[in-house]
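# Architecture at a glance
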Amino acid sequence: MDIQELIEKVNQSTDELDFVTARVYIEENLNVLKEKQAKLNSNARELLRFLVTQMESGVKPLSRQELAIINTINAYATKFDMRGIKFLVKDHSKLLFRKEVVDYLNSDAKIILEGMGAISTKSGSSSSV
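Anyway, here's the lowdown on the structure attached to this text. The structure displayed is predicted, hence computed values, not measured ones.

## Remarks on the nonpolar core
- Judged by nonpolar contacts, the single largest core of 19 residues is most densely connected at Ile73, Leu96, Val101, Leu105 and Leu113.
- Elements that contribute at least two residues to this core include exactly helix H5 (64-79), helix H6 (82-91), helix H7 (93-96), helix H8 (101-104) and helix H9 (107-116).
- Examining the composition of this core, we find that five residues originate from one element, H5, more than from any other.
- If we skip the residues at most four places from it in the chain, isoleucine 73 touches Ile85, Leu88, Leu96, Leu105, Ala109 and Leu113.

Printed below as a string of structure tokens:
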């Protein structure tokens, strides 16, 4: 795929609000797109900046499978399906240890998971009684 076609696909994906596809294109062609970022639309440029910042800070991006797990947790939390949430927490507890996961959870999931002790939404403060 040539650079012009890549830029068109990234721009089209962001225009259609398909940020997952745009993210894949950007991650696979990061160096090329950093040089040609002026040709990207504003949403694509922001996504590129976000991904570059995340990579420079050492944060490993979430995979599609991890995002699917988080979306499933959100769906179960909305339905208040505690059995499903407990099953996912048990099988994917390491995922919930990552700080950035909390940003992807809906409010229902945050409340339920914090109540279960699976996550902490407090930023850096530990309470001792």
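Next comes the rest of the description.
## Notes on the packing of H6 against H9
- In the contact formed by H6 and H9, the axes pass within 12 Å of each other and the chain directions differ by 65°. Here H6 is positioned roughly perpendicular relative to H9, judged by the angle of their axes. H9 is crossed by H6, and the crossing has right-handed handedness. Judged by residue contacts, Met82, Ile85, Lys86 and Val89 of H6 engage Ile112, Leu113 and Met116 from H9.
- The class makeup of the residues in the contact of H6 with H9 is six nonpolar, no polar and one charged.

## Examining the pattern of salt bridges
- The full count for this structure, using the stated rule, is four salt bridges.
- Of the charged contacts, one joins arginine 49 and glutamate 46 as a salt bridge, the two residues approaching to 2.4 Å between their closest N and O atoms. Residue arginine 49 and its partner glutamate 46 are both found in helix H4 (residues 42-56); the two are separated by three residues, about one turn of the helix.
- Between glutamate 100 and arginine 98 there is a salt bridge, and its shortest N-O distance comes to 2.7 Å.
- Classification of glutamate 100 by relative accessible area gives buried; the value is 18%.
- The structure contains a network of salt bridges with shared partners spanning Glu66, Arg98 and Glu100.

What counts and how
- Residues numbered from 1 in each chain as written.
- Predicted model: local features only at pLDDT ≥ 70, side-chain atom pairs only at ≥ 80, totals over all residues.
- Heavy atoms only, no water.
- Core = buried A, V, L, I, M, F, W, Y, C linked by side-chain atoms within 4.5 Å.
- Buried < 20%, exposed > 50% of the residue type's maximum accessible area, 1.4 Å probe, protein only.
- Helix = DSSP H or I, 4+ residues; strand = E, 2+ residues; numbered from the N terminus.
- Contact = heavy atoms within 4.5 Å.
- Axes fitted to C-alpha atoms, helices over the stretch in contact; angles between N-to-C directions.
- Parallel < 35°, antiparallel > 145°, perpendicular 65-115°, else oblique.
- Left-handed = near helix turned anticlockwise from the far one by under 90°.
- Nonpolar A, V, L, I, M, F, W, Y, C, P; charged D, E, K, R; others polar.
- Salt bridge = Lys/Arg side-chain N within 4 Å of Asp/Glu carboxyl O.

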